[in-house]
Amino acid sequence: MPSQGRTWLECARCCAFPGPRLDTGKRRLLAGLAALVAALIGAAVSPGFVWLAVASFAVGLFATVAQQIVPLAVHLAPPDKQGRVLGTVTGGILIGILLARTVSGIVSDLWGWPYVFWLAAVVMSIVGAALARWLPRAMPTTDLSYLHLLGSLWTLVRKHSVLRRVVAVQFLIFAAFISFWSNLALLMAEPQYELGGTAVGLLALVGVVGALSAPIAGRFSDRRGPAVVVSMGAGLVILAFLIFGLWQGSIIGLLAGIVIMDLAVQSSQVANQSRVYALDPNARSRLNTIFMATMLAGGAVGAGIGGAAYAAWGWSGTCALGAISAALALLLSWKP
């Protein structure tokens, strides 16, 4: 009812749009998804390399909307279930990445690469509609402007020694992970396999088994602490690369190593993210930005150095690089 000088129109507006700032994050998320759909369509209709490169850059730029959902989910979760929720959301992201490899490989082989982008645009449109309908509102946790938020990232890095160590560990683990996947297609093309893109995509399905462990890792992290999970994950990545290196030419060895590695990488990511989010509940989105940017930088470095190692020493070089990177991560995770 109108009170304290408020008109009926003001009351109606308040009821229709309770707390306009509450929808700011949701509007930005949906706007990012709309831009992603547009970028995917641009890639699908690309008439040449330059247009495709620009559209691909836009796809990478706006695909970060997935990472906006992660801190929101943790923010909405009860404190005693944040690890489990984090594991569920990040597990879904990794399963999506792995299934995308499979689906894109099959679609590309059957109908051509433009249809991969068309399919992704349709899927993202469906996701956007679902989020618009069911995504809950959440109060903003800071009044800082965007430029001040960006400037505060370095302040957070300087302030939290745990953050610096965690991002270094995840950088190394993800570098090992991407060094494997970025060179797998080259390995599959070698005489002992002679398989194409569809086979590589099907191998990614095996990784879903490991990705399904994310909720379990989240619950274990809630009970025993994330440091134990991270150390176990780094150790399992080393084991996976030992299997890849010692049983070259064996499909069984390759499958076993993929399951172990995806389980290890997903578990360590969930545990490390839970450590990062616990540092400052009011800065989870910024902390996630630092974490994910560093992790993806590790993936880029792993792809580059892994490719150079493969060119110089073959698959053994890639395996050695992955094992060394994971061993360094294990040493850092043990440091008191």
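The rules behind the values
Residues numbered from 1 in each chain as written. Predicted model: local features only at pLDDT ≥ 70, side-chain atom pairs only at ≥ 80, totals over all residues. Heavy atoms only, no water. Helix = DSSP H or I, 4+ residues; strand = E, 2+ residues; numbered from the N terminus. Buried < 20%, exposed > 50% of the residue type's maximum accessible area, 1.4 Å probe, protein only. Contact = heavy atoms within 4.5 Å. Areas by Shrake-Rupley, 256 points an atom, 1.4 Å probe, with all protein chains shown as cover. Axes fitted to C-alpha atoms, helices over the stretch in contact; angles between N-to-C directions. Parallel < 35°, antiparallel > 145°, perpendicular 65-115°, else oblique. Left-handed = near helix turned anticlockwise from the far one by under 90°. Nonpolar A, V, L, I, M, F, W, Y, C, P; charged D, E, K, R; others polar. Phe/Tyr/Trp six-rings, centres within 6.5 Å; stacked < 30°, edge-to-face > 60°. Patch = residues over 30% accessible without salt bridge, like charges linked within 9 Å, V, L, I, M, F, W, Y side chains within 5 Å. Salt bridge = Lys/Arg side-chain N within 4 Å of Asp/Glu carboxyl O. Expected span 1.5 Å × (residues − 1). Arc of directions from axis to C-beta. Polar contact = N/O pair within 3.5 Å; in protein donor to acceptor, adjacent residues only side chain to side chain. Core = buried A, V, L, I, M, F, W, Y, C linked by side-chain atoms within 4.5 Å. pLDDT = per-residue confidence, 0-100.

Quick look at the overall build of the protein
Here is step 1 of the chain: Helix and strand content of the protein: 14 helices and 0 strands.
Here is step 2 of the chain: A buried classification covers 43% of the 336 residues belonging to the protein.
Here is step 3 of the chain: Taking the intrachain contacts of the protein between residues at least 6 apart in sequence as the baseline, contacts between residues at least 24 apart amount to 77%.
Here is step 4 of the chain: About 17,100 Å² of surface is accessible on the protein, with carbon and sulfur atoms providing 72% of the total.

Considering the packing of helix H11 (residues 226-246) against helix H12 (residues 251-277)
Here is step 1 of the chain: Interaxial distance between H11 and H12 falls to 8 Å at its minimum, and their mutual angle equals 160°. Considering their axes alone, H11 and H12 lie roughly antiparallel with respect to each other. Remark: the crossing between H11 and H12 carries left-handed chirality.
Here is step 2 of the chain: Residues that form the contact of H11 with H12 fall into these classes: 19 nonpolar, 7 polar and 1 charged.

Describing the packing of aromatic side chains
Here is step 1 of the chain: Counting across every chain of the model gives 9 aromatic pairs.
Here is step 2 of the chain: The structure contains a cluster of three or more aromatic residues connected by ring pairs, namely Phe174, Phe177, Phe180, Trp181, Phe241, Phe244 and Trp315.

Side note on the side chain of Gln273
Here is step 1 of the chain: With respect to the secondary-structure elements, Gln273 resides in helix H12.
Here is step 2 of the chain: The exposure class of Gln273 is buried, given its relative accessible area of 1%.
Here is step 3 of the chain: With sequence-adjacent residues up to four places away left out, Gln273 is seen in contact with Gln67, Val70, Leu86, Thr90, Asn288, Phe291 and Met292.

Some details on a nonpolar patch on the surface
Here is step 1 of the chain: On the surface, a nonpolar cluster with roughly 1,100 Å² of combined accessible area is contributed by Ile41, Val45, Trp51, Leu99, Ile106, Leu110, Trp111, Tyr115, Trp118, Leu202 and Leu205.
Here is step 2 of the chain: Within the residue set of the nonpolar patch, elements represented by two or more residues are helix H5 (82-111), helix H6 (114-134) and helix H9 (197-211).
Here is step 3 of the chain: Examining the composition of the nonpolar patch, we find that 4 residues originate from one element, H5, more than from any other.
Here is step 4 of the chain: Relative to the elements of secondary structure, Ile106 occurs in helix H5.
Here is step 5 of the chain: Owing to a relative accessible area of 33%, Ile106 belongs among the partly exposed residues under this scheme.

A closer look at H6
Here is step 1 of the chain: Relative to the 30 Å expected for 21 residues at 1.5 Å per residue, H6 spans 31 Å between its end C-alpha atoms, a close match to the ideal helical length.
Here is step 2 of the chain: Along H6, the residues that are buried comprise Phe117, Ala121, Gly128 and Leu131. For H6, the angular spread of buried residues about the axis comes to 90°, placing them on one side. The exposed set on the far side of H6, more than 90 degrees from its buried face, consists of Ile126, Arg133 and Trp134.

Topic: the environment of Ser333
Here is step 1 of the chain: Relative to the helices and strands, Ser333 resides in helix H14 (residues 315-334).
Here is step 2 of the chain: As a C-alpha pair, Ser333 and Asn272 span 61 residues in sequence and 10.0 Å in three-dimensional space.
Here is step 3 of the chain: If sequence neighbours within four positions are ignored, Ser333 has contacts with Val169, Val230 and Ser231.
Here is step 4 of the chain: At 2.8 Å, the side chain of Ser333 and the backbone oxygen of Leu330 are in polar contact.

Quick word on the nonpolar core
Here is step 1 of the chain: Residues Phe180, Trp181, Leu184, Phe241, Phe244, Leu254 and Met261 are the most contacted members of the largest nonpolar core, which totals 60 residues.
Here is step 2 of the chain: The leading source of residues in this core is helix H8 (residues 161-188), at 15 residues.
Here is step 3 of the chain: Membership of the second largest hydrophobic core comes to 17 residues, among which are Leu40, Ala58, Phe117 and Leu135.

Details of the confidence of the model for the protein
Detailed reading of the predicted coordinates is not advisable wherever pLDDT falls low.
Here is step 1 of the chain: In the predicted model, the protein carries a mean pLDDT of 81, and the fraction of residues at 70 or more is 82%.
Here is step 2 of the chain: H14 holds the highest mean pLDDT among the elements of the protein, 94, whereas helix H1 (residues 8-16) holds the lowest, 37.
Here is step 3 of the chain: Scored below 50 in pLDDT, residues 1-22 shows 16 contacts in the model against residues more than four places distant or in partner chains.

Section: helix H3 (residues 49-62)
Here is step 1 of the chain: Between its terminal C-alpha atoms H3 stretches 20 Å, which fits the 20 Å expected from 14 residues at 1.5 Å a residue.
Here is step 2 of the chain: Of all the residues in H3, the buried ones are Ala55, Ala58 and Val59. In an axial view of H3, the angular spread of the buried residues amounts to 105°, which keeps them on one side of the axis. Opposite the buried face of H3, by more than 90 degrees, sit the exposed residues Phe49, Val50, Val54 and Phe57.

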